[in-house]
Amino acid sequence: MATTRRKFIRTLGTSGSLLFGLPALADATQVQTLLSKVRVTANDKVRIALIGSGIIGHYDTAAAMKVPGVELVAVCDLYQGRLDRAKEKWGNHLFVTRNYKEILARKDIDAVLVCTCDHWHDHITIDALKAGKHVYCEKPMVHHVDEGQAVVAAQKASGKVLQIGSQSASSLVFLEAQKYFKQGLIGDVTYAEAFTDRNSANGAWLYTIPNDASPKTIDWDMFLGDAPKLPFDPVRFFHWRNYKAYGTGVAGDLFVHSFTGLHTITSSLGPKQVYALGALNYWKDGRDAYDIVTGISQYPKTENHNAFQFFTRVNLADGAGGGSSTRLIGTEGVIDLRGNTITIKHFKRPVAPGIGGYDSMESFPKAMQEQLLKEYDQKYSADDRKTKWADEIVFEAPKGYDSRLDHMINFFESVRTGKPTLEDGSFGLRAAAPALICNLSAEKKKAIDWDPVTMKLV
Ligand SMILES: NC(=O)c1ccc[n+]([C@@H]2O[C@H](COP(=O)([O-])OP(=O)(O)OC[C@H]3O[C@@H](n4cnc5c(N)ncnc54)[C@H](O)[C@@H]3O)[C@@H](O)[C@H]2O)c1
């Protein structure tokens, strides 16, 4: 590969240095390009409730409360300790309950953040939309593919905003990659890959269980919801991701981010066929979900992109140290995303096909070789023989950049202005479905066809 020059692009935010007129690189820890643009008046207040006050509920609420004009008024959870913590952290004035329907009945709540385990997403989202609330629902939008259409229909009927919470859809990094992709810098995409590998117990979802977990402190019946009835089990309650009855496994949980990112960059509606393999290699702790899944999705040619294959992997017992990345490989280059950095290498192919070297020439009679070389020299100039490498492009988002905050800003912007969200129910279903189909394919041990336009299994 020829050596290329590197072109660094860093996003300038409204950091202090800019205010002093210095064109410095944005390296402030909390630079938020969208946050600086939010304009609200006192009448623009949006009152929210959190439903599901677990790990991500805290992250989402923190991000929501950074958006000017957003006020948290109520919290719902099934574990008493989390309701106590909500009051301790966000104020004694909060209305707290174990029953989300009490939240939906309140007139002083405009929007809800649905941060429960996956098997509750569709039920609470549909009920909330019917109750006239705007909904930010965590990914994956649904637990099973066939639940998706009802959510999309409920949003349409309600006229309220529904945004799904895979934040790559609002990410500065993925939207920047989208620009390079649309400019055709890497030629026609032929292949893409995304992996998320982990190697710790927390990474394998063995989160801390509180020391007062009991049927008194937890509404176990409500937790079970539409899942099979079982006696109280704190492990299932706090490690729900590891059980198919409540979670969507590594594919539903993590591939969905990969599909969201890919669809954001390529404007794709999704694959037409999905095949996956799953296995439980290491975390044999009673879970029934796989700890490694690899999936291959075939994307059809559309007006936005070439036909290509997408390879996805999650390995929860990755002795190589873990990590994640997304790469899109085209006929003339590669877009490589790691964390908040994008690297693009691209080139123009030589006009001349090349002759000699590892070729058939040596196997031909000498006189013929000379004749072929002469003809080649006459046909192609020195320039025709060059692979033309462009400058390598490196884009870095500002240090401390948080796509979750941008995703929240976009949600509340839609709530206030009616502007379409970047990740509505259809987008959410088109990202969740291929991820969930990976589970189906691994279980059935066969490829599964999906219609990304009608959003139905074929
Ligand atoms: N976007 C992201 O980056 C991201 C990251 C992590 C998790 N998530 C998603 O967020 C969701 C929650 O994940 P988590 O790690 O916070 O789980 P968690 O177990 O920490 O919290 C889930 C909470 O939901 C509550 N809950 C369950 N059913 C409920 C119901 N019917 N009514 C009220 N509360 C209910 C539980 O009591 C629990 O406290 C999942 O769907 C997950 O996929 C998204």
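Residues numbered from 1 in each chain as written. Predicted model: local features only at pLDDT ≥ 70, side-chain atom pairs only at ≥ 80, totals over all residues.

## A look at the overall build of the chain
What counts is decided by this rule: Every helix listed is a DSSP run of H or I at least four residues long, and every strand listed is a run of E at least two residues long, numbered separately from the N terminus. Burial is judged by counting the other C-beta atoms within 10 Å of a residue's own C-beta: 20 or more makes it buried, 12 or fewer makes it exposed, and any count in between marks it as partly exposed, with every C-beta position built from the backbone.
Each helix and strand counted, the chain has 13 helices and 18 strands in total. The principal-axis extents of the C-alpha atoms in the chain amount to approximately 90 × 60 × 40 Å. When each of the 458 residues of the chain is scored for burial, the buried share is 43%.

## Quick look at the site of the ligand
Spelled out, the test is: What makes a residue near a molecule or strand is its C-beta atom, placed from the backbone, lying within 6 Å of it. Charged residues are taken to be Asp, Glu, Lys and Arg, nonpolar residues to be Ala, Val, Leu, Ile, Met, Phe, Trp, Tyr, Cys and Pro, and polar residues to be all remaining types, Gly included. Throughout the structure description, domain borders are defined by an automatic or database domain assignment.
Not every one of the 27 residues close to the ligand is listed here, only the nearest: G52, G54, I56, L78 and E138. Mapped by element, the contributors of at least two residues to the shell around the ligand are α2 (55–66) and α8 (220–224). For the shell around the ligand, the leading source of residues is α2, giving 3 residues. Classifying every residue of the shell around the ligand by side-chain character gives 13 nonpolar, 8 polar and 6 charged. Residues from two domains meet in the shell around the ligand; each of domain 1 (23–168) and domain 2 (170–351 + 385–401 + 423–457) gives at least three.

## Brief notes about the domain arrangement of the chain
Rule in force here: Here, residues touch in the contact sense if the C-beta positions derived from the backbone fall within 7 Å of one another.
Partitioning the chain into structural domains gives domain 1 (23–168) and domain 2 (170–351 + 385–401 + 423–457). The centre of domain 1, based on its C-alpha atoms, is set 23 Å off from the matching centre of domain 2. Each partner contributes residues to the interface: domain 1 has 34 residues there, and domain 2 has 44 residues. Contributions of two or more residues to the side of domain 1 that touches domain 2 are made by α3 (80–90), α6 (148–158) and β7 (162–164). The leading source of residues in the side of domain 1 that touches domain 2 is α6, at 5 residues. Considered class by class, the residues forming the side of domain 1 that touches domain 2 number 14 nonpolar, 16 polar and 4 charged.

## A word on the nonpolar core
Condition: The term nonpolar core means buried Ala, Val, Leu, Ile, Met, Phe, Trp, Tyr and Cys residues held together as one set by C-beta atoms within 7 Å.
Within the largest apolar cluster, 103 residues are counted, with the highest numbers of intra-cluster contacts made by A49, I51 and V112. Here this core gets 10 residues from one element, more than from any other, and that element is helix α13 (residues 425–444). Here this core spans two domains, and each of domain 1 (23–168) and domain 2 (170–351 + 385–401 + 423–457) adds at least three residues to it. Not counting the four nearest positions on each side in its chain, V112 is found in contact with I48, A49, I51, I103, A128, K133 and V135.

## Observations regarding the sheet that holds strand β6 (residues 134–137)
Short version of the rule: Here the rule is simple: two strands pair whenever DSSP picks up at least two bridges between them. Convention adopted: a line fitted to C-alpha atoms gives each axis, helices being fitted over their contacting stretch, and angles between N-to-C directions are expressed from 0 to 180 degrees.
As summarised here, the arrangement of the 6 strands in space is β4-β3-β2-β5-β6-β7, forming an open sheet in which the pairing is parallel. Each of the sheet's edge strands pairs with one partner strand only, and the pair in question is β4 (95–97) and β7. Each strand axis lies, on average, 20° off the axis of its neighbour in the sheet, ignoring direction. Along the sheet face, helix α5 (residues 121–130) touches β2 (46–51), β5 (111–114), β6 and β7 and points at about 165° away from the line of β6.

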